[in-house]
Amino acid sequence: MIKGQLLSGFEIVSIEDLPEMKATGIFARHLVTGLEVYHVLNDDEENLFAYAFMTPPEDSTGVAHILEHSVLCGSKNYPLKDPFMVLAKQSVKTFLNAMTFPDKTVYPASSMVRKDYFNLMSVYGDAVFFPLLEPWVFKQEGHRFEFNEKGEVSIQGIVFNEMRGNYSSFDSVAGDWSLRSLLSGTAYEHDSGGDPADIPALTYEQFRDFHARYYHPVNCKVFLSGNIPIEDQLELLQNQFLSHFSSAPKPEIIDSVTPMTEPISLEVPAPAGETKDLSKVTLMLNWLLSDSTDTIALMEANLISQILLGHDGAPLSRALLDSEFGEDLSPTMGLETEIRHMCFTAGLRGASRDKTDAFESLVFKTIRDLVENGIPPQDLETAIRSIDFSNREIRRSSAPFSLILMRRALRGWIHGFGPSHTLRYVPAFDEVKQRIASNPRHIEDLMRKWFLENSHRTLVTVYPDAYYEKKLDDQLASRVRLFEAKLTSERKEVFLSEQKEFFENQKKEDKKADLDLIPHLRLADLPVLPDAIKTDIQMSGAVPILLHEQPTNGIAYVDIAIPVDLLNVSEYPLLPFFTSILVSMGLPDMEWPEVSAVSARLTGGFGSMLFSSSAVPGTILPAPLTQDCAGRDFLMLRMKMLEELVDETLPFVFRFLHEADFSDTKRLTDLLFEYRNDLDSSLAPAGNQYAVSRAASCTGRSKTVDEIWNGISQIKYVREISSLIKNVQEREKLVLRLNAIRKTLLSSGMIINVTGTESILTSVMKTLSPLTAPFIAPSNVKERLTPSSLYSLVSDNNSSAAELITASLQVGFAAAVLPSSSYGTDEQPVETVFAHWLASGLLWEKIRTTGGAYGAFSYPDSLENIFILATYRDPSPLKSINVFKESLEIAAQTFIEPDLLEKIITGCYSREVQPRSPSDKGFTAFIRLLYGITDESRHKKIAQILSVTPLAMQQTASRLLSNWSSVRVAVLAGKKMTEEESLVDFSGKVSINAI
């Protein structure tokens, strides 16, 4: 392939080497329509495509967001109600989604199977270029007025309800205003997701017009990554889509913001949530920096952000934390680079209003001191090393690494620059380092320009408004009254007829002939399971070491696991806080700021977590591990470091186990308030997890532990100890309790997991030898805490079959938990397939499509012998409990045709072949070993999944339905919802508690 070559109506604009990505970048432009394609051609079998469109909003009606949902609801060649869900049900995708950003909308998907990949590309392309966009889709996905059974009118819609959930979060609203305050007069002053107060103003005509304006190929950028030749992909784009288009003018590029001549201050209300002290505010000082399309400036800004805020010991972080002006740093702190204009925010959460001026002065003083006195060389070195580490690491958790590359490329691409202009971080950062070498004060000069001399800044005070939700309700009620005022009896009759037609449309089943239009794989086309992850077990003294040789690009990954289930029952609720602060305190010879700086210099990440799960019955661990290692509750310290720093890093890390200084009560108090604030702010975005945890809390030991550590019980416990911490005696008691926990853990045993190259494994083993000498392998498993003793810790412990938990939320979350089969039984693989079918079929249609919730889920937790059903951002969560049961009843009467079942099995199988990064492979193998999930059992499960029959699916539905008498239910919702709705088909005892 050469520059200037013509292929399928495209011209090859450029071909460039991308050595840091071990790839070649190929840029092509369609001659007729102007559509542009950029392919990062590499050896990766996980191929990804993304259709991306610049979609700048002109208001906050959420038109771009509603359109993102709607184009996936039927298109010219796939006239189904929901082709997206059909794909999700039957594709072996490794990623499938659509995303609305403040200035663009992106439709990415990936697969490791060529045929499946092109199926996805075909359906997604038809969706974005030829959507049906029928009126009923706009009403379903966007907004509509709706009469209920009582004749009352409300506003409904999936995006509308999703954004009501988003506007229930104080921190989310604060984050929006850190940017909107700086970008007045641009597209970014609007909410592209939609403000619930404004969404009902969007008309169907405006919705259609937005698609016509922005979804022409001239405004489309197609990003590709992987090993499938670009020739084949260009041919598909030309034949299936572009041949149907003529040329069109390009939409105007998003304008730059007009520079402010003077800084401004403003106050913004946000939902009070569970906040009791309405005098506490979030303070944010925000600056507009350079354009993010300038990659060198972007890397300079990243470096400055790392210097100022990269860790708790960084100058600005330390100054704010030491100031006592607020309780903790704002979650919106740092650098925003996703939009055209880079913005930087310094912020405090839980601050006093009267500290606003002092806060601003402190931020300026801290930056001025660095500019005038110079950045300490070690701080600069730490920041540079952190960015180099990030550029080197291969990351994949729930999505392909190529998504990161896609976002980098689009950063400049949608604003008129070439696709590689903002893609390549390594050369850009090398240039930054050269500038620093040529001018040692280069960064200080930039800080002076961007912060001290920059009048384009805002000081925003976000305050909790106890009436925030009521004001929104009043605005929406006003729209409802206006609607009702226009309804004559004749108009109402017509409207009700149209509403009936709308509901019938939603319930209408797709024709089999239309469903068959969506291409899919046969079982014979499915890829083989990934190879087993090799694990070598050695001993370092008495401590077992699990070693995984993986190509980690010079990075060592080490996990230290310590059993915690020998602690007293009263210590279990305190463990999450202990875990969060264990690696965040000072050491006897170093205060926390210095410790934080050393940690940032030595590691690419250092944290801790708790892990609890039941083990597979009959688990037998390989020698030299003993059964005392299996199925325990663990505290895990997780770290990553460059190979050349192993000798220095591991001894430093082990010091935290022995010497973390809990006696620094100021630091301890700050961390406790930060921990409490993070928990409080997690209710709105993670309400489904809290509902599931609550419903499952009495079903088994590990689920009880999960509720104590991660559920509403933890929120209440932390609020309680936070209210006492100002008392000197209580602080001293807390220090004693933390030290007592540590003492027990130091004698409870240890397992270490290491992932890296052969040389890394050798180096780590050598360094660990003296460090592990004081430790033993896990022991005394028979003395672990019992389920009954742990359940006594569940907040508001009661015998109710259903619990309604009220909170300051604008939407709700529902969860139901049923007894089910255990791992290794013949029934369990069927439940896996059944859950996939239920979630992507009946629940999706009844709870999301018809009910207006943002999400509905079902999945078995086979290690805990339970089957879980849940909803997310649900306008009618109590009704959803009834829908769960109705769906099981329907499923028990439904015979799934073999051809459809084959598609469902295919989609279910995709979860088993998800790619993992080298570091993830090592940790996954570690967890599987500890809890008895062998390669043999996984292969057996897959074989059983592939042979599931229609009769087995019906039997599974009947079995789960018969367990409904043992169901446990939890609903987390606003008080108004629990007052207006009821569990109409629920005979168990119901309790109501507030959080």
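What counts and how
- Position numbers for residues start from 1 in each chain and track the written sequence from start to end.
- Under the rules for a predicted model, residues below a pLDDT of 70 receive no local features and side-chain atom pairs below 80 are neither given nor counted, while totals for whole chains, interfaces and linings still include all residues.
- Heavy atoms from the whole structure form the basis of all side-chain values; hydrogens and water molecules are not counted.
- Going along the chain from the N terminus, every DSSP run of H or I of four or more residues is numbered as a helix, and every run of E of two or more is numbered as a strand.
- Each radius of gyration reported is based on C-alpha atoms, and the globular scaling rule is 2.2 Å times the count of residues to the power 0.38.
- Buried residues are those whose accessible area, probed at 1.4 Å on protein chains only, stays under 20% of the maximum for their type, while exposed residues exceed 50% and partly exposed ones sit between those limits.
- Every residue pair with non-hydrogen atoms within 4.5 Å of one another is taken to be in contact.
- Note on charges: Lys and Arg go in the positive column, Asp and Glu in the negative column, and His and the chain ends are not counted at all.
- For the purpose of locating charges, the reference atoms are NZ of Lys, CZ of Arg, CG of Asp and CD of Glu.
- The span you would expect from a helix comes to 1.5 Å times its residue count less one.
- A pair of strands is considered paired only if DSSP assigns at least 2 bridges between the two.
- As a rule, the C-alpha atoms of each element are fitted with a line to give its axis, helices using only the stretch in contact, and angles between N-to-C directions run from 0 to 180 degrees.
- Each patch is built from salt-bridge-free residues with over 30% relative accessible area, joining like charges within 9 Å and nonpolar side chains (Val, Leu, Ile, Met, Phe, Trp, Tyr) within 5 Å.
- All accessible areas in this document rest on Shrake-Rupley with a 1.4 Å probe, and a residue is counted as covered only by the protein chains that are shown.
- We define a salt bridge as a side-chain nitrogen of Lys or Arg found within 4 Å of a carboxyl oxygen belonging to Asp or Glu.
- In these notes the angle categories are as follows: under 35 degrees is roughly parallel, over 145 is roughly antiparallel, 65 to 115 is roughly perpendicular, and the rest is oblique.
- Polar here means any residue outside two lists: the nonpolar Ala, Val, Leu, Ile, Met, Phe, Trp, Tyr, Cys and Pro, and the charged Asp, Glu, Lys and Arg; Gly therefore counts as polar.
- The term nonpolar core refers to a set of buried residues drawn from Ala, Val, Leu, Ile, Met, Phe, Trp, Tyr and Cys, joined through side-chain atoms within 4.5 Å.
- The handedness criterion is simple: a crossing whose near helix is rotated anticlockwise from the far helix by less than a right angle is left-handed, and one whose near helix is rotated clockwise is right-handed.
- Only Phe, Tyr and Trp rings are paired, with Trp represented by its six-membered ring, and only when their centres lie within 6.5 Å; those with planes under 30 degrees apart are stacked, over 60 edge-to-face, the remainder tilted.
- For a lysine, the NZ atom is tested; for an arginine, the CZ atom; a charge sits over a ring if that atom is within 6 Å of the ring centre and within 35 degrees of the ring normal.
- Counted as a polar contact is a pair of N or O atoms within 3.5 Å, where, for protein atoms, one must be capable of donating a hydrogen and the other of accepting one, and residues adjacent in sequence contribute only when both atoms are in side chains.

1. Re the overall build of the protein chain
Working step 1: Each helix and strand counted, the protein chain has 36 helices and 29 strands in total.
Working step 2: Here the C-alpha atoms of the protein chain give a radius of gyration of 28 Å, agreeing with the 30 Å that 2.2 N^0.38 yields for 995 residues.
Working step 3: Counting the 995 residues in the protein chain, one finds 61% classified as buried.
Working step 4: Here the contacts in the protein chain between residues at least 6 apart in sequence split such that 83% fall between residues at least 24 apart.
Working step 5: Looking at charge distribution, the protein chain has the averaged site of its 96 positive side-chain charges lying 2 Å from that of its 129 negative ones.

2. Some thoughts on helix α12 (residues 377-392)
Working step 1: Helix length check: α12, at 16 residues, gives a terminal C-alpha distance of 22 Å against a target of 22 Å (1.5 Å per residue), a fit within 8%.
Working step 2: Of the positions making up α12, those classed as buried are L380, T382, A383, I384, I387 and F389.
Working step 3: In the core, the buried residues of α12 are packed alongside α9 (295-309), α14 (425-438), β20 (555-563), α20 (592-602) and β22 (634-642).

3. So, the sheet that holds strand β19 (residues 543-549)
Strand pairing in a sheet takes place through backbone hydrogen bonds and is either antiparallel or parallel in direction.
Working step 1: Strand order in the open sheet formed by six strands is β18-β19-β23-β20-β22-β21, with mixed pairing between adjacent strands. Here the strands that pair on one side only, and so sit at the sheet edges, are β18 (536-540) and β21 (605-611). For this sheet the average axis-to-axis angle between neighbouring strands, irrespective of direction, equals 20°.
Working step 2: Inspection of the sheet shows β18 paired to β19 by five bridges, in the antiparallel sense. Residue pairing in the sheet places S540 in a bridge with V543 of β19.
Working step 3: Each of β18, β19, β20 and β23 (751-756) is contacted by helix α27 (residues 758-771), which is oriented at about 150° to β23, the strand it contacts most.

4. Structural notes on a nonpolar patch on the surface
Working step 1: Taken together, L6, L31 and V32 make up a surface patch of nonpolar side chains, about 300 Å² in accessible area.
Working step 2: Turning to its location among the elements, L6 is positioned in strand β1 (residues 6-7).
Working step 3: Residue class for L6 comes out exposed when judged on its relative accessible area of 57%.

5. Side note on the sheet that holds strand β29 (residues 990-994)
Working step 1: Across the sheet, six strands lie side by side as β26-β27-β25-β28-β24-β29; this open sheet has mixed pairing. Edge positions in the sheet fall to β26 (855-861) and β29, since each has one partner strand and no second. Taken pair by pair, the neighbouring strands of this sheet meet at an average axis angle of 15°, ignoring direction.
Working step 2: Relative to strand β28 (residues 968-974), strand β25 (residues 813-819) runs antiparallel, the two being bridged by five bridges. Following the sheet pairing, F813 is matched in β28 by L972.
Working step 3: Strands β26 and β27 (866-872) of the sheet are contacted by helix α29 (residues 827-840), whose axis makes an angle of about 180° with β26.

6. Focus: helix α15 (residues 442-452)
Working step 1: Residues of α15 that are buried include every one of H442, I443, E444, L446, M447, W450 and F451, and no others.
Working step 2: Where α15 is buried, its residues contact β13 (280-291), α9, β16 (341-352), α11 (356-373) and α14.

7. Comments concerning the packing of α29 against helix α32 (residues 898-909)
Working step 1: Between α29 and α32, the shortest axis-to-axis distance is 9 Å and the interhelical angle comes to 100°. Between α29 and α32, the angle falls in the class roughly perpendicular. In contact with T832, V833, H836 and W837 of α29, α32 contributes L901, I904, I905, G907 and C908.
Working step 2: Grouping the amino acids of the contact of α29 with α32 by side-chain chemistry returns six nonpolar, three polar and no charged.

8. A short note on the nonpolar core
Working step 1: With 92 residues, the main nonpolar core has I560, Y572, L637 and I752 as its most contacted residues.
Working step 2: Ignoring anything within four residues of it in the chain, the contact list for I752 reads V543, P544, I545, L546, V558, D559, I560, F654, L768 and T772.
Working step 3: Counting 81 residues, the second largest nonpolar core, distinct from the first, contains Y51, Y215, Y468 and F483.

9. Description of the packing of α29 against helix α31 (residues 877-892)
Working step 1: Closest axis-to-axis distance for the α29/α31 pair is 12 Å, and the angle between their directions is 115°. Note that α29 runs across α31; the crossing there is right-handed. Between α29 and α31, the residues in contact are F834, W837 and L838 and S887, L888 and A891, respectively.
Working step 2: Residues that form the contact of α29 with α31 fall into these classes: five nonpolar, one polar and no charged.

10. Observations regarding the pairing of β16
Working step 1: With respect to burial, β16 is a largely interior element, eleven of its twelve residues being buried.
Working step 2: With nine bridges joining them, β13 and β16 adopt antiparallel strand pairing. Bridge assignment links L288 to a residue of β16, and that residue is C343.
Working step 3: As paired elements, strand β14 (residues 328-329) and β16 share two bridges and run antiparallel to each other. When the sheet's bridge partners are listed, D328 is paired in β16 with R349.
Working step 4: Taking the residues between adjacent antiparallel strands as the criterion, strand β15 (residues 334-336) and β16 are bridged by four residues.

11. Regarding the packing of aromatic side chains
Working step 1: Counted under the stated rule, the structure contains 43 aromatic pairs.
Working step 2: Their ring planes at 45° and their centres at 6.4 Å tell us that F130 and F241 sit as a pair that is tilted. In this pair, F130 is assigned in the loop between α3 (114-129) and α4 (135-141) and F241 in the loop between α8 (230-240) and β12 (264-271), connecting sequence segments 111 residues apart. Residues F130 and F241 agree in their burial class; the two are buried.
Working step 3: With centroids separated by 5.6 Å and ring planes inclined at 65°, the aromatic side chains of W287 and F364 adopt a geometry described as edge-to-face. Here W287 is found in strand β13, whereas its partner F364 is found in helix α11, with 77 residues between them in sequence.
Working step 4: You can call W287 buried: its relative accessible area is 0%.
Working step 5: For K76, the ring lying beneath its charged end belongs to F130, and the centroid distance is 4.0 Å.

12. Details of the environment of L335
Working step 1: The residue L335 is located in strand β15 in this model.
Working step 2: Here the alpha-carbon distance between L335 and Q306, two residues 29 residues apart in the chain, equals 9.3 Å.
Working step 3: Once residues lying within four places of it in the same chain are set aside, the contact partners of L335 are L289, A301, N302, S305, M342, C343 and F344.

13. Things to note about the pattern of salt bridges
Working step 1: The tally for this structure, following the rule as stated, stands at 50 salt bridges.
Working step 2: A salt bridge links E20 to R424; its shortest N-O distance comes to 2.9 Å. Here E20, found in the loop between β2 (10-18) and β3 (23-30), pairs with R424, found in the loop between α13 (402-413) and α14; they are 404 residues apart in sequence, far enough to count as distant.
Working step 3: Classification of R424 by relative accessible area gives partly exposed; the value is 22%.
Working step 4: A salt bridge links R638 to D559; the nearest nitrogen and oxygen atoms lie 2.7 Å apart. With R638 in strand β22 and D559 in strand β20, this pair connects stretches of sequence that are 79 residues apart.
Working step 5: The partly exposed category is assigned to R638, whose relative accessible area is 30%.
Working step 6: Given a relative accessible area of 4%, D559 falls into the buried group.
Working step 7: Among the charged side chains, a salt-bridge network with shared partners connects K512, D516, R522, D899, E902 and K903.

14. A word on the environment of F325
Working step 1: Its location among the elements puts F325 in the loop between α10 (315-323) and β14.
Working step 2: When the C-alpha atoms of F325 and P427 are compared, they prove to be 41 Å apart, with 102 residues separating the residues in sequence.
Working step 3: What F325 contacts, discounting residues up to four positions off in sequence, is L348, G350, A351, S352, K355, A358, F359 and L362.

15. Describing the side chain of T186
Working step 1: Secondary-structure assignment places T186 in the loop between α6 (170-180) and α7 (204-214).
Working step 2: Polar side-chain contacts of T186 include one of 2.7 Å to the backbone oxygen of L183.
Working step 3: Of the polar contacts made by the side chain of T186, one reaches the backbone nitrogen of Y188; its length is 3.1 Å.

16. Let's talk about the environment of A816
Working step 1: Mapped onto the elements of the fold, A816 is located in strand β25.
Working step 2: In sequence terms A816 and L476 are 340 residues apart; their C-alpha atoms lie 31 Å from each other.
Working step 3: What A816 contacts, discounting residues up to four positions off in sequence, is F867, I868, L869, F884, W964, V967, R968 and V969.

Shape is all these values report; function is a separate question.
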